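Next come the chains, spelled out residue by residue.
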Amino acid sequence: EAQVTQNPRYLITVTGKKLTVTCSQNMNHEYMSWYRQDPGLGLRQIYYSMNVEVTDKGDVPEGYKVSRKEKRNFPLILESPSPNQTSLYFCASSQVRGEKLFFGSGTQLSVL
Amino acid sequence: SQQGEEDPQALSIQEGENATMNCSYKTSINNLQWYRQNSGRGLVHLILIRSNEREKHSGRLRVTLDTSKKSSSLLITASRAADTASYFCATAGGNNRLAFGKGNQVVVIP
């Protein structure tokens, strides 16, 4: 089954404790992206990747890192999480940028 | 801003009725897409319409695109309780960067 798998689904952490949210897709997609969703603000892009070893900033990249060492994986790293990063996070992928996106189930992150 | 804006922001209808949502945007686009989100879950792609298309159908969904007015509409016919969700439009501009609107909430009352 074609899918984007994100883990974990829920995460509660404390300020400053490094964390990683994993994302994997099984569709051989070149394009992958991370979004955060906040009430009243819609979906905002954090980082995206056009292919292996090619990543770029989205609209709200501050406080986040990503890597794309393999085509299928695109982890999101918060080196020193802060409470303003409490949000619902989505990973998504598509064969080509700007075309149909496949979304993961989301990760609800709370930073205390 | 390329970001689409959905209208109305909230819609409540009876099961069996049609639901219509609109999306307006400000810059030229390559395509416009509609997505559905059920209570905090991942978005699901519904339909994509390209800038040279005017209308597209998929099952009970009908999407129109008017590039002269920079607007699109999504029609869901014969709505069902399972259609209760948030609906987002997303526009792909010249650089193919996808920008999402803030979404609108549709409630279908059984």
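What you see is a predicted model, and the numbers here were worked out from it, not measured in a lab.

Caption draft 1: Seen up close, the confidence of the model for chain B. Averaged over chain B, the pLDDT score is 92; the fraction of residues at 70 or greater is 96%. Considering each helix and strand of chain B separately, the mean pLDDT is smallest for strand E1 (residues 5–7) of chain B, with a value of 74, and largest for strand E7 (residues 61–66) of chain B, with 98.

Caption draft 2: Inspection of the layout of surface pockets at higher detail. Space inside the largest pocket adds up to approximately 310 Å³. What lines the largest pocket is a set of 17 residues, among which A:Phe102, A:Phe103, A:Gly104, B:Leu43 and B:Val44 lie closest to the centre. Listed by contribution, the elements that provide at least two residues to the lining of the largest pocket are strand E1 (4–7) and strand E10 (102–103) of chain A together with strand E5 (44–50) of chain B. A per-element tally of the lining of the largest pocket places E1(A) first, with three residues.

Caption draft 3: The arrangement of the sheet that holds strand E3 (residues 19–24) of chain B in detail. Residues and elements named next belong to chain B. On the basis of which strands lie adjacent, the open sheet formed by five strands has the order E1-E3-E8-E7-E6 and antiparallel pairing. Each of the sheet's edge strands pairs with one partner strand only, and the pair in question is E1 and strand E6 (55–58). Direction aside, neighbouring strands of the sheet carry axes that sit 20 degrees apart on average. Relative to strand E8 (residues 71–76), E3 runs antiparallel, the two sharing six bridges. Bridge pairing in E8 places Ser24 opposite Ser71.

Caption draft 4: Structural view of the state of the cysteines. Residues and elements named next belong to chain A. One pass over the structure, following the stated rule, counts two disulfides over all chains. There is a disulfide in this structure between Cys23 and Cys91, and the S-S distance comes to 1.8 Å. Taking the sign of the S-S torsion, about -70 degrees here, the bridge from Cys23 to Cys91 comes out left-handed. Of this pair, Cys23 sits in strand E3 (residues 19–25) while Cys91 is found in strand E9 (residues 87–94), placing the two residues 68 residues apart along the sequence. Taken as a pair, Cys23 and Cys91 share a single burial class, namely buried.

Caption draft 5: Representation of the pairing of strand E11 (residues 107–111) of chain A. All names here are of chain A. Because side chains alternate across E11, one face comprises the buried residues Thr107, Leu109 and Val111, and the other comprises Gln108 and Ser110, none of which is buried. Summarising the sheet, strand E2 (residues 10–13) and E11 pair through four bridges and their orientation is parallel. Across the sheet, residue Leu11 finds its bridge partner in E11, namely Leu109. Bridge count for E9 against E11 is three bridges, and the pairing is antiparallel. Following the sheet pairing, Ser87 is matched in E11 by Leu109.

Caption draft 6: Quick peek at the pattern of salt bridges. Scanning the entire structure with this criterion turns up nine salt bridges over all chains. Put simply, A:Glu79 and A:Lys65 hold a salt bridge, and the shortest N to O gap is 2.9 Å. With A:Glu79 in the loop between strand E8 (76–78) and E9 and A:Lys65 in strand E7 (residues 65–66), this residue pair connects regions lying 14 residues apart in the sequence. Judged by its relative accessible area of 41%, A:Lys65 is partly exposed. Between B:Glu53 and B:Lys56 there is a salt bridge; the shortest N-O distance is 3.9 Å. The exposure class of B:Lys56 is partly exposed, given its relative accessible area of 28%. What emerges from the salt-bridge pattern is a single network uniting A:Lys18, A:Lys65 and A:Glu79.

Caption draft 7: Highlighting the packing of aromatic side chains. Within this structure, the stated rule accounts for eight aromatic pairs over all chains. On the numbers, 5.9 Å between centres and 35 degrees between planes, the contact of A:Tyr35 with A:Phe103 is tilted. Taken as a pair, A:Tyr35 in strand E4 (residues 31–38) and A:Phe103 in strand E10 lie far apart in primary sequence, 68 residues in all. Both residues of the pair, A:Tyr35 and A:Phe103, count as buried. Both rings, one in B:Tyr35 and one in B:Phe100, keep their centres 5.4 Å apart while their planes meet at 55 degrees; by these two values the pair is tilted. Placement of B:Tyr35 in strand E4 (residues 31–37) and of B:Phe100 in strand E10 (residues 98–100) is noted, with a sequence separation of 65 residues between them. The buried category is assigned to B:Tyr35, whose relative accessible area is 0%.

Procedures and definitions
- Residues numbered from 1 in each chain as written.
- Chains lettered and ligands numbered in written order.
- Predicted model: local features only at pLDDT ≥ 70, side-chain atom pairs only at ≥ 80, totals over all residues.
- Heavy atoms only, no water.
- pLDDT = per-residue confidence, 0-100.
- Helix = DSSP H or I, 4+ residues; strand = E, 2+ residues; numbered from the N terminus.
- 1 Å grid on protein atoms, 1.4 Å probe; cavity = no way out; pocket = protein on both sides within 12 Å on 5 of 7 lines; lining within 4 Å.
- Points joined across faces, edges and corners; volume = space filled by probe spheres on them.
- Pairing = 2+ DSSP bridges.
- Axes fitted to C-alpha atoms, helices over the stretch in contact; angles between N-to-C directions.
- Disulfide = S-S within 2.5 Å.
- Buried < 20%, exposed > 50% of the residue type's maximum accessible area, 1.4 Å probe, protein only.
- Salt bridge = Lys/Arg side-chain N within 4 Å of Asp/Glu carboxyl O.
- Phe/Tyr/Trp six-rings, centres within 6.5 Å; stacked < 30°, edge-to-face > 60°.

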